[in-house]
Amino acid sequence: MKLLQIRMYKRINYIAAIFVLVCGLGAQAQVTTSSPYSRYGLGNIKGSLLPQLRAMGGISTAVNKVNGFNYINMQNPASYSGVTLTTIDIGMSAGLTNLTRNDLSETSFNSTFSHIAFAVPVSRRSALSFGVLPYSDLGYSYKNSTKIDTMSVDQLYEGEGGLSKAYMGYGYRFGDHLSIGANVEYIFGNLLTTRATEYVEAGALNSKLQNKNSVGGLNYSYGIQYNFNIAPKTLVTLGYSGSSSGKVNSSQSYFATVYTRDQNGNENTALDTLSSVISAKSNLTLPLSHNFGIAIQQTDKWLIGADVRMSKWSNVSINNINQGLQNSYGASLGGQFTPDITSYNSYFKRVDYRLGVNYDKTYIRIGNQDIKQMGASLGFGFPLPSANGLSFYKINFTTEVGQRGTTTNNLVKEKFINFHLGFTLNDTWFRRYRVD
């Protein structure tokens, strides 16, 4: 009995340490993107992917358990049915972004806590998962200079904020091959945008429109996976996942003001508020999305997979106003290789090596130019020593390199390097111990 108490105290302390870490990271979180393209739609969509999946180009629809290690794959909740140990995944992200337009260039760095997720087996065929992760990021600040009649005018655009997603899901396996699952998701956060028109002359009357959209509502996602053996140690998995096109509640506030700037360029107190609305009931329509995937893996050795995806962003609206977006589609290809998972002589033979590529035609179209995104990723899964043979730990590190947009037609090309770090625990929590 004393041994059971010690084990329980250790696990309670571990949970407490995780929440302290999450609170510390959350307190230090900053704006997580600096992209002019986040102005459109709901910002930069992050995707429900942990570092180990991002390292493989973002394949996820047909990924379940890899090399016997439990993943939390909330992109397809059917995968929860393969979780056999209590699993915790916590991580953070950082990124360097370089923006170029004509002869202008700017580089920025952002970092943030990225996710915390849990999965707990409910029965031999099912598991429950829950957690919090980002849904979208909004962050930009730029200006366009033009002339109205003979007067020079600056048009200023700023935005910050983003949406997060808290989810709870359940996956169940029927027989030996078919799994289904679903998530209930609470989308929440604030989208803050500002648009101003300023005359260059000091003392001129300028105008500003500030808009805040506070979002908080439910959405749903679902998935299915079917697997079969084509050889004694070779497994093929087919997968589908999607999310509903539901309406999420929100409230909108906006202020239209007139103001001036002093000779030093500082903004003076608003002279007048032309119009204002505070906490008006609104709604946000999310896109219907579909993901299809296939993965082939050889037990304890390698996995390779491919995904295709599409989302109906043309129906997205805020306060019943269509946002003028286009439907998006994309594809990913990637895999993982572990030289010798049982090696005692070489640590690096037990390391997971991951590689992937991806391509997306985003929902943004400016003028007649589609904004496309492409990238490549490289990652590693570093196993950590197990103290009792019942707990398994892994550090997952991923680097993504890519670009979005183009300098054609006076647009902005965005090059990025993203880093993702995650810590994964597989443990035998909540197991019944027999005491003599």
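Residues numbered from 1 in each chain as written. Predicted model: local features only at pLDDT ≥ 70, side-chain atom pairs only at ≥ 80, totals over all residues. Heavy atoms only, no water.

Visitor: Would you mind going over the overall build of the protein chain with me for this structure?
Guide: Helix and strand counts for the protein chain stand at two helices and 19 strands. Across the 436 residues in the protein chain, those meeting the buried criterion constitute 45%. About 21700 Å² of surface is accessible on the protein chain, with carbon and sulfur atoms providing 58% of the total. (Helix = DSSP H or I, 4+ residues; strand = E, 2+ residues; numbered from the N terminus. Buried < 20%, exposed > 50% of the residue type's maximum accessible area, 1.4 Å probe, protein only. Areas by Shrake-Rupley, 256 points an atom, 1.4 Å probe, with all protein chains shown as cover.)

Visitor: What exactly am I supposed to notice about unusual backbone geometry here?
Guide: For residues other than glycine, phi is negative in most cases, and the peptide bonds are mostly trans. With phi around 55°, N67 is a residue other than glycine that occupies positive phi space. Of the residues examined, N67 reaches a relative accessible area of 10% and is grouped as buried. If you check the backbone angles, N319 has positive phi at about 55° while not being a glycine. With respect to the helices, strands and loops of the structure, N319 is situated in the loop between strand 13 (317-318) and strand 14 (321-322).

Visitor: How should the pattern of salt bridges be read in this particular structure?
Guide: If charged atoms from side chains of opposite charge come close, those side chains can pair. Enumeration according to the criterion identifies nine salt bridges in this entry. For the salt bridge of D360 with R309, the shortest nitrogen-to-oxygen distance reads 3.0 Å. Taken together, the positions of D360 in strand 16 (residues 352-366) and R309 in strand 12 (residues 302-311) put the pair 51 residues apart, joining distant regions of the chain. Judged by relative accessible area, D360 falls into the buried class, the value being 18%. Overlapping salt bridges bring together D352, R354 and K394 as one network. (Salt bridge = Lys/Arg side-chain N within 4 Å of Asp/Glu carboxyl O.)

Visitor: What is the right way to read the environment of L53 from this model?
Guide: Structurally, L53 is set in helix 2 (residues 51-54). The exposure class assigned to L53 is buried, which follows from its relative accessible area of 1%. On a C-alpha basis, the gap between L53 and Y71 in space is 9.1 Å, while along the polypeptide they are 18 residues apart. For L53, the residues in contact, after removing those within four places along its chain, are G58, I59, S60, V63, Y71 and N73. (Contact = heavy atoms within 4.5 Å.)

Visitor: Help me understand the environment of N211, please; the structure alone is not making it clear to me.
Guide: Summarising the element assignment, N211 is placed in strand 7 (residues 206-231). The spacing of N211 and T193 is 18 residues in sequence and 5.3 Å in space, taken between C-alpha atoms. Beyond its immediate sequence surroundings of up to four residues, N211 is in contact with L191, L192, T193, Q252, S253 and Y254.

Visitor: Explain the packing of aromatic side chains here, please?
Guide: The geometry of two aromatic rings is summed up by the distance between their centres and the angle between their planes. Evaluation of the coordinates by the stated rule reveals 13 aromatic pairs. With a centroid separation of 5.8 Å and 25° between ring planes, the pair formed by Y186 and F188 is classed as stacked. Residue classification places Y186 among the partly exposed residues on the basis of a relative accessible area of 39%. F188 gets classed as partly exposed once you look at its relative accessible area, which sits at 30%. An aromatic cluster of at least three residues, connected via ring pairs, comprises Y140, Y142 and Y157. The ring of Y259 carries the charged tip of K208 above its face, separated from the ring centre by 4.9 Å. Cation over ring: K394 sits above F69, and NZ or CZ is 4.3 Å from the ring centre. (Phe/Tyr/Trp six-rings, centres within 6.5 Å; stacked < 30°, edge-to-face > 60°. Lys NZ or Arg CZ within 6 Å of the ring centre and 35° of its normal.)

Visitor: Is there a simple way to think about the confidence of the model for the protein chain in this case?
Guide: Note that predicted coordinates carrying low pLDDT should not be read in detail. Scored by pLDDT, the protein chain has a mean of 86; 90% of the residues are at 70 or more. The least confident element of the protein chain is helix 1 (residues 2-28), whose mean pLDDT is 44; the most confident is strand 12, at 97. For residues 1-9, every residue scores under 50 in pLDDT, and the model assigns this stretch four contacts once sequence neighbours within four places are set aside. Per-residue pLDDT stays below 50 along residues 11-31; that stretch engages in 24 contacts with residues further than four places along the chain or on separate chains. (pLDDT = per-residue confidence, 0-100.)

Visitor: Honestly, the side chain of H420 in this entry has me stumped. Any pointers?
Guide: Counting through the fold element by element, H420 comes out in strand 19 (residues 413-427). A relative accessible area of 8% means that H420 is categorised as buried. A polar side-chain atom of H420 sits 2.9 Å from a polar atom in the side chain of S93. (Polar contact = N/O pair within 3.5 Å; in protein donor to acceptor, adjacent residues only side chain to side chain.)

Visitor: What am I meant to see in the nonpolar core here?
Guide: In summary, soluble globular proteins display a tendency toward joint burial of nonpolar side chains. L42, L163, L284 and L286 are the most contacted members of the largest nonpolar core, which has 23 residues in total. Breaking this core down by element, the ones donating at least two residues are strand 4 (126-148), strand 5 (151-174), strand 6 (178-199) and strand 16. Broken down by element, the residue count for this core peaks at three residues, all from strand 4. Aside from chain neighbours lying at most four places away, what touches L284 is L42, L163, V215, G246, K247, V248, S250, S317 and I318. (Core = buried A, V, L, I, M, F, W, Y, C linked by side-chain atoms within 4.5 Å.)

Visitor: Is there a simple way to think about the pairing of strand 18 (residues 392-405) in this case?
Guide: Successive side chains on a regular strand alternate, one facing one side of the sheet and the next facing the other. The sheet contact formed by strand 17 (residues 369-384) and strand 18 spans twelve bridges and is antiparallel. Bridging across to strand 18, F380 finds its partner in F397. In the sheet, strand 18 pairs with strand 19 via 14 bridges, with the strands oriented antiparallel. Bridge pairing in strand 19 links F392 to N426. (Pairing = 2+ DSSP bridges.)

Visitor: I would appreciate a short explanation of the pairing of strand 5 in the present structure.
Guide: Direction of pairing for strand 4 relative to strand 5: antiparallel, over a ladder of 22 bridges. Directly across from K143, in strand 5, lies its bridge partner L156. Turn length for the strand 4-strand 5 hairpin, with the two strands adjacent in sequence and antiparallel, is two residues, and the turn residue D149 shows positive phi of about 60°. Across 22 bridges, strand 5 lies against strand 6 in antiparallel orientation. Residue pairing in the sheet places G161 in a bridge with L191 of strand 6. Connecting the antiparallel pair strand 5 and strand 6 is a turn made up of three residues, with G175 showing a positive phi of about 65°.

Visitor: So what exactly am I meant to see when it comes to a nonpolar patch on the surface here?
Guide: Nonpolar side chains collect at one region of the surface, where L96, F109, V401 and I417 lie side by side and expose about 340 Å² of accessible area between them. Within the secondary structure layout, I417 lies in strand 19. (Patch = residues over 30% accessible without salt bridge, like charges linked within 9 Å, V, L, I, M, F, W, Y side chains within 5 Å.)

Visitor: Looking at this structure, how should I read the environment of T193?
Guide: Along the polypeptide, T193 turns up in strand 6. Dropping the residues within four chain positions of it, T193 is found in contact with L138, Y140, E158, G159, L209, Q210 and N211.

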